[in-house]
Number of protein chains: 2
Amino acid sequence: MEERGYVQVYTGNGKGKTTASFGLALRAAGAGKRVFIGQFVKGMHYSELDIVPKLETIEIRQYGRDCFIKKEPSESDIRCAKEGLAEMAEILKSGKYDVVIMDEANIALFYKLFSFEELKQAVCNRAEGVEVIVTGRYAPQELIDMADLVTEMREIKHYYTKGVEARVGIEK
Amino acid sequence: MEERGYVQVYTGNGKGKTTASFGLALRAAGAGKRVFIGQFVKGMHYSELDIVPKLETIEIRQYGRDCFIKKEPSESDIRCAKEGLAEMAEILKSGKYDVVIMDEANIALFYKLFSFEELKQAVCNRAEGVEVIVTGRYAPQELIDMADLVTEMREIKHYYTKGVEARVGIEK
């Protein structure tokens with residue numbers, strides 16, 4: 001990869017942040033790019049986990065527990081996230097992947113599972129040409145300042161207000 | 001499919017609308033759902049076209065020409081879109097697909113390639129349980145009113161202002 005890699009951030013309270021990053025992973029894989037997806041906070045089963053292994057150039061790993069953080073993160077939440085970030089820092093530096101997705105890293109920052117400085121260091125030390133995608137609500141201003149592209153997914157309307165629960169294959 | 005299908009709309013001027021729908025397609029396929037993606041206005045090559053055929057439960061078709069509409073849509077633009085909508089109406093009604101994505105249908109509406117009433121009829125006549133995803137800038141208010149979920153992708157920052165052109169595997 002000769003071209004520069006950029007930092008893209010997908011944040012906001014609307015549906016579509018993680019799916020946008022997976023769609024990008026699919027497009028990148030279609031162009032023969034190698035993609036790594038690291039999912040912070042998440043440890044539960046999502047349908048995408050069943051299909052990504054069919055796409056040889058996409059690798060996916062989860063750095064969370066099998067439930068969301070309730071009020072306060074546990075020591076185990078913090079340990080999972082810190083280990084995940086350390087692993088992703090190596091992956092970013094290795095140059096083995098053209099596109100690296102840090103799914104829900106903003107949530108990890110929000111819960112202070114690791115600091116913005118730690119994330120920044122991992123991103124800034126990446127190999128040349130690596131494109132980085134960071135998703136999750138509550139992107140901190142420092143990350144927005146650092147990013148090259150930021151989209152805010154704004155919820156205009158959501159069917160959970162009608163009592164629709166997360167559905168397999170649509171939300172999970 | 002026993003459950004109700006909803007109408008989701010991804011609109012706004014930010015990056016992430018089409019990719020969000022493709023990520024959703026991937027998730028749905030991971031859950032064994034059958035997905036149809038119809039792309040209006042687009043007829044040019046995108047990297048996702050090279051990888052989707054590897055995913056057996058996703059089908060994709062383009063209903064546009066090999067260039068974007070410049071100022072005024074040509075007769076050929078209109079014909080492609082109208083034929084596409086007619087085909088998608090059949091697909092929506094057939095019940096052969098669990099998730100149907102009408103990519104850039106909002107752009108087709110914006111350019112009056114077909115009317116909102118025509119789109120509405122196709123969507124409302126769909127088989128039970130079919131989830132519909134409509135993407136593209138400029139979603140008309142009538143569609144927002146009709147939808148169950150709407151996310152606006154707002155551009156906070158974009159690297160094209162730095163002169164970055166569309167890259168293979170990232171934008172196309």
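Model, not experiment: these values are computed from the prediction. (Residues numbered from 1 in each chain as written. Chains lettered and ligands numbered in written order. Predicted model: local features only at pLDDT ≥ 70, side-chain atom pairs only at ≥ 80, totals over all residues. Heavy atoms only, no water.)

Caption draft 1: Spatial organisation of the packing of aromatic side chains. Applying the stated criterion across every chain, the model contains twelve aromatic pairs over all chains. Their ring planes at 45° and their centres at 5.0 Å tell us that A:Tyr6 and B:Tyr159 sit as a pair that is tilted. Of this pair, A:Tyr6 sits in the segment before strand 1 (7–11) while B:Tyr159 sits in the segment after strand 6 (149–157), which puts the two residues in different chains. Here A:Tyr6 matches B:Tyr159 in class, with each residue buried. Ring centres of A:Phe110 and A:Tyr111 lie 5.3 Å apart, and the angle between their planes is 85°; on these two criteria the pair is classed as edge-to-face. Residue classification places A:Phe110 among the partly exposed positions, given a relative accessible area of 43%. Grouped by ring-pair contacts, the aromatic residues A:Phe40, A:Tyr63 and A:Phe114 constitute a single cluster. One residue, B:Lys42, lies across the ring of B:Tyr46, its end atom 4.9 Å from the ring centre. (Phe/Tyr/Trp six-rings, centres within 6.5 Å; stacked < 30°, edge-to-face > 60°. Helix = DSSP H or I, 4+ residues; strand = E, 2+ residues; numbered from the N terminus. Buried < 20%, exposed > 50% of the residue type's maximum accessible area, 1.4 Å probe, protein only. Lys NZ or Arg CZ within 6 Å of the ring centre and 35° of its normal.)

Caption draft 2: Layout of the interface of chain A and chain B. Counting residues at the interface gives 54 residues for chain A and 54 residues for chain B. For the chain A and chain B pair, buried surface summed over both sides reaches about 4600 Å², with 61% attributable to carbon and sulfur atoms. On the chain A side of the interface with chain B, the three residues burying the most area are A:Leu26, A:Arg27 and A:Lys157, jointly 17% of the side's total. For the pair chain A and chain B, the number of links is eight salt bridges. Linking A:Asp148 and B:Lys162 is a salt bridge whose minimum nitrogen-to-oxygen distance equals 2.6 Å. (Contact = heavy atoms within 4.5 Å. Buried area = accessible area lost by both parts, 1.4 Å probe. Salt bridge = Lys/Arg side-chain N within 4 Å of Asp/Glu carboxyl O.)

Caption draft 3: The arrangement of the relation of the copies chain A and chain B in detail. With an RMSD of 0.0 Å, the operation that places chain A on chain B is a rotation of 180° combined with a shift of 0.0 Å along the axis. Those values place the two copies in the arrangement expected of a two-fold rotation axis. Take the interface residues of chain A: 100% of them recur as interface residues in chain B, which is what a same-surface contact looks like. (Least-squares fit on C-alpha atoms with pLDDT ≥ 70 in both.)

Caption draft 4: Representation of the side chain of A:Glu131. Examined against the element boundaries, A:Glu131 turns out to sit in strand 5 (residues 131–135). Owing to a relative accessible area of 2%, A:Glu131 belongs among the buried residues under this scheme. In this structure A:Glu131 touches A:Gly5, A:Tyr6, A:Gln8, A:Asp98, A:Val99, A:Val100, B:Tyr159, B:Arg167 and B:Ile170, once residues within four positions along its chain are discounted.

Caption draft 5: Spatial organisation of the pattern of salt bridges. All told, the structure shown has 30 salt bridges over all chains when counted by the stated rule. Between A:Glu118 and A:Lys82 there is a salt bridge, with the nearest N and O atoms lying 3.5 Å from each other. With A:Glu118 in helix 5 (residues 116–124) and A:Lys82 in helix 3 (residues 75–94), this residue pair connects regions lying 36 residues apart in the sequence. Look at A:Lys82 and you get partly exposed, because its relative accessible area is 38%. Among the ionic pairs, B:Arg34 bridges to B:Asp98, the shortest N-O distance being 2.9 Å. Within this pair, whereas B:Arg34 is found in the loop between helix 1 (17–30) and strand 2 (35–41), its partner B:Asp98 is found in the loop between helix 3 (75–94) and strand 4 (99–103), the two being separated by 64 residues in sequence. One salt-bridge network, held together by shared partners, links A:Lys15, A:Arg167, A:Glu171 and B:Glu131.

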